[in-house]
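Observations on the model geometry
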Amino acid sequence: MKSLWTGEREIPQGHIVHRDIICKPPPNLDPDPYDTQQKVVQEAQDKPLPSFGEVKQSLRGTEYSFKPHILAEYIGQEEAKHELSILLRGVRESGSIFPHLLLYGYAGIGKTTLANVVANELGYQFKAITGVTVKSEEELYNIICTFNYDDAPNLLFIDEIHALGASYQLPLEIWLPLLEQNLFYHNIKGLESPIEVKPFTCIGATTDPGLLTEALRQRFWPIKLRWYTEEELAEM
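Residues numbered from 1 in each chain as written. Predicted model: local features only at pLDDT ≥ 70, side-chain atom pairs only at ≥ 80, totals over all residues. Heavy atoms only, no water.

What about the overall build of the chain?
This is how it is decided: Helix and strand assignments follow DSSP, with helices taken as H or I runs no shorter than four residues and strands as E runs no shorter than two, numbered in order from the N terminus. Any residue under 20% of the maximum accessible area for its type is buried, any over 50% is exposed, and the rest in between are partly exposed; the area is computed with a 1.4 Å probe on protein chains only. Shrake-Rupley sampling with a 1.4 Å probe provides the accessible areas, and residues are treated as covered by the protein chains on show and by no other component.
From N to C terminus, the chain includes eight helices and nine strands. Going through the 236 residues of the chain one by one, you find that 33% of them count as buried. About 15400 Å² of surface is accessible on the chain, with carbon and sulfur atoms providing 55% of the total.

Right under this line is the structure:
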C-alpha cells in the first residue's frame, strides 16, 4: 500500500502513518481482532483433551461441596429427618451417646450421606466400611484401632450391614457385646480379651432389614428412607 502522504513508500501491514512517519504498532495492539479470535480457537483445538485421571484430580475435594452437611440442608426424607431431630435433641440435652441406627431403603437413596450428616451434627469422627469387607477378628480389630480416642466420639457406618451375619469367623457373639457394652471379645493371639472400646455409634445401612438376624436388628433404631418426589429431585 502506498503512503497517503508521499505516495512513494510502502507501508508495512499493521503499521501506522503519523505525520508522514511510518510507525510500528504498540506490542499490545492487534491490527485484526478476527485474527486473534481465530488464533485462540486454533490453540484450543490443538490442545489435547485432558485424561479422565486429570479431570478427576482437578475435581478432587469439590464433590462433597454439593452434599448436605447438616440436617437442615438435606432435601427430602421429612419423616426420617423428624425422627433424627428428636434423637439429636435428646442426645444434646442428656449428653449421652447417640443410639445405633439402621437406615434401610432403596439403593442410592442417600443412606451414607444421611449418616455423614448425623456425624456432622454431633461432631463425631466418621468412619465408613462395608459389611462384606470385615471377615475376621483381625480386620475388626484394625478398624477399632483407627477410632479416635481423643475427645470426639466415633461413628462407624457399616454399609450392607446384613452381610455381617454371613461371616462365620465373626459371629454375633462378637458383635453384640461390642454394640451393647463396648467390649471386643476375640481370640487374637497376644492380645487380652475382652478389649474395652471407647463408646461409639454404629449406623448400619441395608436395602432389606429382613436380611439381618433378629438379635442384631433389635440393637438398632430403625429408620426407613423413602424414594424422592419429583419436586425434591428437581430441587436437588
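As for the pattern of salt bridges
The test is simple: Any carboxyl oxygen of Asp or Glu within 4 Å of a side-chain nitrogen of Lys or Arg constitutes a salt bridge here.
Applying the stated rule across the entire model yields five salt bridges. A salt bridge links Arg226 to Glu79; its shortest N-O distance comes to 3.3 Å. Placement of Arg226 in the loop between strand E9 (221-224) and helix H8 (230-235) and of Glu79 in helix H3 (residues 78-94) is noted, with a sequence separation of 147 residues between them. Assessed through its relative accessible area of 43%, Arg226 is described here as partly exposed. The shortest N-O distance in the salt bridge between Arg92 and Glu121 comes to 2.8 Å. You can see Arg92 sitting in helix H3 and its partner Glu121 sitting in helix H4 (residues 111-122), a full 29 residues away along the chain.

Brief notes about a nonpolar patch on the surface
Note the following rule: Patch construction takes residues with relative accessible area above 30% that form no salt bridge. Like charges are linked within 9 Å, and nonpolar side chains (Val, Leu, Ile, Met, Phe, Trp, Tyr) are linked within 5 Å.
Taken together, the side chains of Tyr106, Trp227, Leu233 and Met236 make up a nonpolar region of the molecular surface, amounting to roughly 490 Å² of accessible area. Mapped onto the fold, Tyr106 is located in the loop between strand E3 (101-104) and H4. Note on Tyr106: relative accessible area 56%, which makes it exposed.

Observations regarding the packing of aromatic side chains
Aromatic rings in a pair are described by how distant their centres are and how their planes are angled relative to each other. Put simply, the rule reads: Two rings from Phe, Tyr or Trp (for Trp, the six-membered ring) form a pair when their centres are within 6.5 Å of each other. A pair whose planes differ by under 30 degrees is stacked, one over 60 is edge-to-face, and the rest are tilted.
Under the criterion given, the structure shown has four aromatic pairs. Consider the rings of Phe147 and Phe200, whose centres lie 5.4 Å apart with planes at 50 degrees: the pair is tilted. With Phe147 in the loop between helix H5 (137-145) and strand E5 (154-159) and Phe200 in strand E8 (residues 200-206), the pair connects residues that are 53 residues apart, well separated along the chain. Judged by its relative accessible area of 7%, Phe147 falls in the buried class.

With respect to unusual backbone geometry
Residue Pro194 follows Ser193 across a cis peptide bond; omega there is 0 degrees. In this fold, Pro194 is placed in the loop between strand E6 (183-184) and strand E7 (195-196). You will see that Glu160, though not glycine, has its phi angle at about 55 degrees, which is positive. As for its placement among the helices and strands, Glu160 is situated in the loop between E5 and helix H6 (172-181). Residue classification places Glu160 among the partly exposed residues on the basis of a relative accessible area of 34%. The backbone phi angle of Asn182 is positive, close to 60 degrees, even though this residue is not glycine. Tracing the backbone shows Asn182 in the loop between H6 and E6.

Some words on the packing of H3 against H4
Basically, it comes down to this: Interaxial angles span 0 to 180 degrees and are taken between N-to-C directions of axes, which are lines fitted to C-alpha atoms, for helices over the stretch in contact. Each angle is binned into one of four classes, with values under 35 degrees roughly parallel, values over 145 roughly antiparallel, values of 65 to 115 roughly perpendicular, and all other values oblique. Helix crossings fall into two classes, left-handed where the near helix is turned counterclockwise from the far one by less than a right angle and right-handed where it is turned clockwise. The contact criterion used throughout is that any non-hydrogen atoms of two residues lie within 4.5 Å. By the convention adopted, Pro, Cys, Tyr, Trp, Phe, Met, Ile, Leu, Val and Ala count as nonpolar, Lys, Arg, Asp and Glu as charged, and the other residues, Gly among them, as polar.
Between H3 and H4, the shortest axis-to-axis distance is 11 Å and the interhelical angle comes to 25 degrees. Considering their axes alone, H3 and H4 lie roughly parallel with respect to each other. As for how H3 packs across H4, the hand of that crossing is right-handed. Counting all contacts with H3, which are made through Leu84, Leu88, Val91 and Arg92, the residues of H4 involved are Leu114, Val118, Glu121 and Leu122. The class makeup of the residues in the contact of H3 with H4 is six nonpolar, no polar and two charged.

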